[in-house]
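Examining the three-dimensional arrangement
Residues per chain, in single letters:
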Amino acid sequence: MRRSLGDGWSIQLPKEWREDHTDGAMAAWRAAGKSMRAFPGDDYRCATTLDVLADIERELPLNPTGKVSEGGSNGVGVRAAWFYRDPGEGLRYALWGYSFTGTDSTRYLVTRFHSEDTDNAEWAFSAWRSITYES
């Protein structure tokens, strides 16, 4: 099901996901053993997407298991994500994703996907890649 994240952003999540009201998040959803939070990105002036990504990477937790960046579609120009195994706080897996509204835009959405299960991380990548933007 396509779910609104607010501000023109949406994501594809299975029907078992339920809205989760959390302070500070633009949108939050939860399913058994999994959660997703969305936040608007910081406001940058006089910067490029690459500048913003470099700044983001300096602020992320150290030692990601991996990272990926790729072109987007459906209103998303660039996507970038860092993923972590055993990031603490009882979590087994975390994907921190960033979706930009264009190939050289500083407008972006921050998404954080968490799971108690490290054996199946594909759901987080699928959800992150399903994010769309409509202005």
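Below, the structure is looked at part by part.

Turning next to the overall build of the protein. Counting secondary structure elements, the protein contains 2 helices and 10 strands. Helices (α) and strands (β) of the protein occur, in sequence order from the N terminus, as β-β-β-β-β-α-β-β-β-β-α-β. A principal-axis box enclosing the C-alpha atoms of the protein has dimensions of 40 × 35 × 25 Å. Long-range contacts, defined as pairs at least 24 residues apart, comprise 46% of the intrachain contacts of the protein with a sequence gap of at least 6.

On to the nonpolar core. Within soluble globular proteins, side chains that are nonpolar generally end up buried alongside one another. With 25 residues, the main nonpolar core has Leu5, Met36, Leu95 and Phe113 as its most contacted residues. For this core, the elements supplying multiple residues, two or more each, are strand S2 (9–12), strand S4 (27–31), strand S5 (34–40), strand S7 (78–88), strand S8 (91–100), strand S9 (108–115) and helix H2 (122–129). With 5 residues, H2 is the largest single contributor of residues to this core. Counting 15 residues, the second-largest nonpolar core is a separate cluster that includes Tyr44, Trp82, Ala94 and Tyr98.

In this section: unusual backbone geometry. Residues other than glycine seldom take positive phi values, yet Cys46 does so here, at roughly 55°. Topologically, Cys46 is positioned in the loop between S5 and helix H1 (49–59). Relative accessible area serves as the criterion here: at 88%, Cys46 is assigned to the exposed category.

Direction of pairing for S4 relative to S5: antiparallel, over a ladder of 5 bridges. Within the sheet, the bridge partner assigned to Ala31 lies in S5 and is Lys34. Counting the residues that bridge the hairpin from S4 to S5 gives 2 residues, and of these Gly33 lies at a positive phi of roughly 75°. Alignment of S5 against S9, held across 7 bridges, turns out to be antiparallel. Bridging from a neighbouring strand, Lys34 pairs with Ser115 of S9.

Turning to the side chain of Ser130, a few remarks are in order. Note that Ser130 resides in the loop between H2 and strand S10 (132–133). Residue Ser130 is classed as buried on the basis of its relative accessible area of 13%. Polar contacts involving the side chain of Ser130 include one to the main-chain carbonyl oxygen of Ala127, which spans 2.7 Å. Once residues lying within four places of it in the same chain are set aside, the contact partners of Ser130 are Arg2, Ser10, Ile11 and Gln12.

On to the pattern of salt bridges, then. Evaluated as defined, the whole model comprises 7 salt bridges. Across the pair Lys67 and Glu57 runs a salt bridge whose closest N-O atoms are separated by 2.4 Å. Of this pair, Lys67 sits in strand S6 (residues 66–71) while Glu57 sits in helix H1, and the two are 10 residues apart along the sequence. Exposure remark for Lys67: the relative accessible area of 51% places this residue in the exposed category. Between Arg129 and Glu70 there is a salt bridge; the shortest N-O distance is 2.7 Å. Of this pair, Arg129 sits in helix H2 while Glu70 sits in strand S6, and the two are 59 residues apart along the sequence. The class of Arg129 is partly exposed, set by a relative accessible area of 36%. Bridged by salt links that share partners, the residues Asp20, Arg30 and Arg37 form one connected network.

Quick notes on the rules
Residues numbered from 1 in each chain as written. Predicted model: local features only at pLDDT ≥ 70, side-chain atom pairs only at ≥ 80, totals over all residues. Heavy atoms only, no water. Helix = DSSP H or I, 4+ residues; strand = E, 2+ residues; numbered from the N terminus. Contact = heavy atoms within 4.5 Å. Core = buried A, V, L, I, M, F, W, Y, C linked by side-chain atoms within 4.5 Å. Buried < 20%, exposed > 50% of the residue type's maximum accessible area, 1.4 Å probe, protein only. Pairing = 2+ DSSP bridges. Polar contact = N/O pair within 3.5 Å; in protein donor to acceptor, adjacent residues only side chain to side chain. Salt bridge = Lys/Arg side-chain N within 4 Å of Asp/Glu carboxyl O.

From the geometry alone we can't say anything about function, so treat these as descriptive.
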